[in-house]
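A closer look at the structure
What follows is the residue order along each chain.
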Amino acid sequence: MPKIILIFLILIAIHPQLCAQDKAAGVSFDKAVSYYRQGNLDKAFNKAQKAFEQFGVVDDTVFADAAVLCAEIAIEKKNEPLALEWYFRIPLEQLYRSRPKAVVSMTRLCMRSEDYGKVVEITSFLEESRLGDDVVATLKRYGNVAEWRLNAMANPVLFNPANLGCYVNTDADEFINSISGDGRTIYFTRSVPHDHFRTERIYFSTQNDGIWCDAEPFSPIPENSGAITMSSDGTEAYFVLSGIDGCDIFRIDRNADGTWSKPEKVGKVSTNMYESQPSLSSDGKELYFVRGKNAADTHLFVAKRTENHGEWLTVESTGIKTCDGDNPKAPFIQADMRTLYFSAEGEFGMGGTDVFMCRRNVDNQWDVPLNIGFPLNTSGDEMNIVVSPDGKTGFISARRDGGFGGYDIYSFELPDVMREMPLLKDEVVELKDVFFAFDSDVLDASSDVMLDDVAAFLLRHRDVIVEVGGHTDNVGSEEYNIDLSLRRAESVKRALMQRGVPEIRIKTAGYGSSKPLKDNDTEESRAANRRIEMKVL
């Protein structure tokens, strides 16, 4: 039976300290250690518990050793709540001083039990501790992740998943892969346990009158295939076929008579490495996929071509920055061709596999991945994600209470963080819900929601500099209108700064009535011309 290193430290240090303790307690603890070494965990636990109760001095190393022994035995017996109960009986200051490795063990258990507040409390003692660099680094990492998760839970994204129902989901695993150009047909992989293996098959389901119909196998593709991506016009498909050489990406094309060609391995994309989970762009000129040594060591790649349905000319890394060990998988390029989703095991996530999102910037490079947030991501595994061509509905494969078993496919309305499109240079948007008192630069309280959203956007995209421009109608002198429009722009700037946006990233301008959207001949048109705009510089 494996012994925990911490316990050996106890055995080495124990006897010089026992002379000063109550003899009965010392005898109990000695017996606990003896039973533990023999592998008799029940008796060891009982004796350690008795020793803990007999020790009269709380601020003592041996007192802590008895509690730690109880905790470590509970861990070996896979009773983590009981282990935490015993760890919590020891004052944190004492545990840091006498058994720092136990602090790491306790913190790890708190992370697994999702008690992130306790993790933050535990790691708050780090500044006053004298621990080794490796222990400090480990605890700091736990503390940072716990704070990230607490913040994500305190600021949830809107997420109301709806199970697609029994015509699509079963007690097997269903993984969403692709959606048709009209948004009415989904393609997915069903993975079914079979003996000691799993068999996979590609299925499709079409929506009629809001109901997803009975899923059927996609017959042009052979069994034991998965991870399909369909072109937006429905005439070209890519999928993964597993064989003795691993996973490779294949292609089929639909003929004029509606039949499909035989599968062919995709040149330049399929190599002697592991390639899987393709996603074809809406214009058919980019194919995203994962490549690596094996399924547990993957990175994001993209193949490119100049003509739809042509041959793939180049294959390169996407350049998306992920940490070592994140193991990104299941990329999906949205129809806008500027948003890429994938799943990964990133440390700064909710735990397990989370869904991340990247935006393509004005330099045609991918921004740093953004965790979509809680509760779309949970401590479990959220795997594949697909977004409808109109950008309004998402589909995700996840385990949820009340499902049919395994991974089910759910639909959901995209939260704002996923709908938001990054602004391009010189692009202008109107801040429609920013209001002022009549003939004044005083912001109305109803503007707070819009200002919160704008500030959140700027804080997420820290390289963006904007101009806030004020506009008026043509009533009054132009000199007065320019002054009023500038003062209103300055009010918006101050509001954004109060929300954390640095002053240096916000320019202001007052245009008066010089740039009307409509003629100023009606009150309705004049109201449209009185506005605040934001321009990316």
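Residues numbered from 1 in each chain as written. Predicted model: local features only at pLDDT ≥ 70, side-chain atom pairs only at ≥ 80, totals over all residues. Heavy atoms only, no water.

This part takes up the overall build of the protein. Within the protein, the secondary structure is distributed over 14 helices and 25 strands. The C-alpha atoms of the protein give 30 Å as radius of gyration, which overshoots the globular expectation for 537 residues (24 Å, by more than 25%). Viewed in the frame of its principal axes, the protein has a C-alpha envelope of about 100 × 70 × 40 Å. Only carbon and sulfur atoms are counted for the fraction: they give 51% of the accessible area of the protein, which is about 26,200 Å². Computing the positive centroid from 60 side-chain charges and the negative centroid from 83, the protein places the two 5 Å apart. (Helix = DSSP H or I, 4+ residues; strand = E, 2+ residues; numbered from the N terminus. Rg over C-alpha atoms; globule rule 2.2 N^0.38 Å. Areas by Shrake-Rupley, 256 points an atom, 1.4 Å probe, with all protein chains shown as cover. Lys, Arg positive; Asp, Glu negative; His and termini not counted. Charge placed at Lys NZ, Arg CZ, Asp CG, Glu CD.)

Here the focus is the pairing of strand β20 (residues 393–398). The element β20 is largely enclosed, with a buried count of five among its six residues. Alignment of strand β19 (residues 382–387) against β20, held across four bridges, turns out to be antiparallel. Each bridged residue has a counterpart across the sheet, and for I385 the counterpart in β20 is I396. In this structure, the hairpin formed by β19 and β20 is closed by a connection of five residues, where G391 is found at a positive phi of approximately 75°. (Buried < 20%, exposed > 50% of the residue type's maximum accessible area, 1.4 Å probe, protein only. Pairing = 2+ DSSP bridges.)

Mapping Y36 onto the fold places it in helix α3 (residues 23–38). When the C-alpha positions of Y36 and P220 are compared, they lie 61 Å apart, and in sequence the two are 184 residues distant.

A separate point is the side chain of R531. With respect to the element layout, R531 can be found in strand β25 (residues 531–536). A distance of 2.6 Å separates a polar side-chain atom of R531 from the backbone oxygen of K515. (Polar contact = N/O pair within 3.5 Å; in protein donor to acceptor, adjacent residues only side chain to side chain.)

This part is about unusual backbone geometry. Glycine aside, residues mostly have negative phi, and peptide bonds are mostly found in the trans state. The omega angle of the peptide bond from F374 to P375 is 5°, so this bond is cis rather than trans. Secondary-structure assignment places P375 in the loop between β18 (370–371) and β19. The phi angle at K78 is positive, at roughly 60°, despite the residue not being glycine. Take K78: it is sitting in the loop between α5 (61–76) and α6 (80–87). Located in the positive-phi region is N224, a residue other than glycine, with phi close to 60°. Within the secondary structure layout, N224 lies in the loop between β6 (216–217) and β7 (225–230).

So, about the packing of helix α9 (residues 116–123) against helix α10 (residues 133–154). Running from amino to carboxyl end, α9 crosses α10 at an angle of 140°, the nearest separation of the two axes being 8 Å. In this view, α9 runs oblique relative to α10, as classed from their interaxial angle. The interaxial crossing formed by α9 with α10 has left-handed handedness. Here Y116, G117, V119, V120 and T123 of α9 lie close against α10, whose contacting residues are L139, Y142, G143, A146, E147, R149, L150 and M153. Counted by class, the contact of α9 with α10 contains eight nonpolar, three polar and two charged residues. (Axes fitted to C-alpha atoms, helices over the stretch in contact; angles between N-to-C directions. Parallel < 35°, antiparallel > 145°, perpendicular 65-115°, else oblique. Left-handed = near helix turned anticlockwise from the far one by under 90°. Contact = heavy atoms within 4.5 Å. Nonpolar A, V, L, I, M, F, W, Y, C, P; charged D, E, K, R; others polar.)

Let us now look at the pattern of salt bridges. Counted by the stated rule, this structure contains 25 salt bridges. Between K77 and D42 there is a salt bridge, and its shortest N-O distance comes to 2.3 Å. With a gap of 35 residues between them, K77 in the loop between α5 and α6 and D42 in helix α4 (residues 41–54) connect regions that are remote in the sequence. Notably, a salt bridge pairs R487 with D441, separated by 3.4 Å at the nearest N-O pair. Here R487, found in helix α13 (residues 478–498), pairs with D441, found in the loop between β22 (428–430) and α12 (448–460); they are 46 residues apart in sequence, far enough to count as distant. Assessed through its relative accessible area of 27%, R487 is described here as partly exposed. Linked through salt bridges whose partners overlap, the residues forming this network are E236, R251, D253 and R305. (Salt bridge = Lys/Arg side-chain N within 4 Å of Asp/Glu carboxyl O.)

Pairing between sheet strands relies on hydrogen bonds along the backbone, with the strands arranged either parallel or antiparallel. Strand order in this open sheet of four strands is β1-β21-β20-β19, and the pairing throughout is antiparallel. In the strand order of this sheet, the two ends are held by β1 (162–163) and β19, each with one partner.

All told, the structure shown has 15 aromatic pairs when counted by the stated rule. Residues F175 and Y407 carry aromatic rings whose centres are separated by 5.1 Å and whose planes lie at 40° to one another, so their mutual orientation is tilted. Within this pair, whereas F175 is found in strand β2 (residues 173–179), its partner Y407 is found in the loop between β20 and β21 (408–413), the two being separated by 232 residues in sequence. Here Y407 falls in the buried class, since its relative accessible area comes to 7%. Look at Y187 and F204: their rings are 6.5 Å apart centre to centre, the planes differ by 40°, and that puts the pair in the tilted class. One end of the pair, Y187, is in strand β3 (residues 185–194); the other, F204, is in strand β4 (residues 197–208), with 17 residues separating them in the sequence. The ring of F301 carries R291 above its face, with NZ or CZ at 5.2 Å from the centroid. Looking at R305, its charged tip hangs above the ring of W312, at a distance of 4.0 Å from the centre. (Phe/Tyr/Trp six-rings, centres within 6.5 Å; stacked < 30°, edge-to-face > 60°. Lys NZ or Arg CZ within 6 Å of the ring centre and 35° of its normal.)

Next up on the list: the side chain of T185. Tracing the backbone through its elements, the reader meets T185 in strand β3. At 3.1 Å, the side chain of T185 forms a polar contact with the side chain of T206. Excluding residues within four positions of it along the chain, T185 makes contact with S178, I179, S180, F204, S205, T206 and W212.

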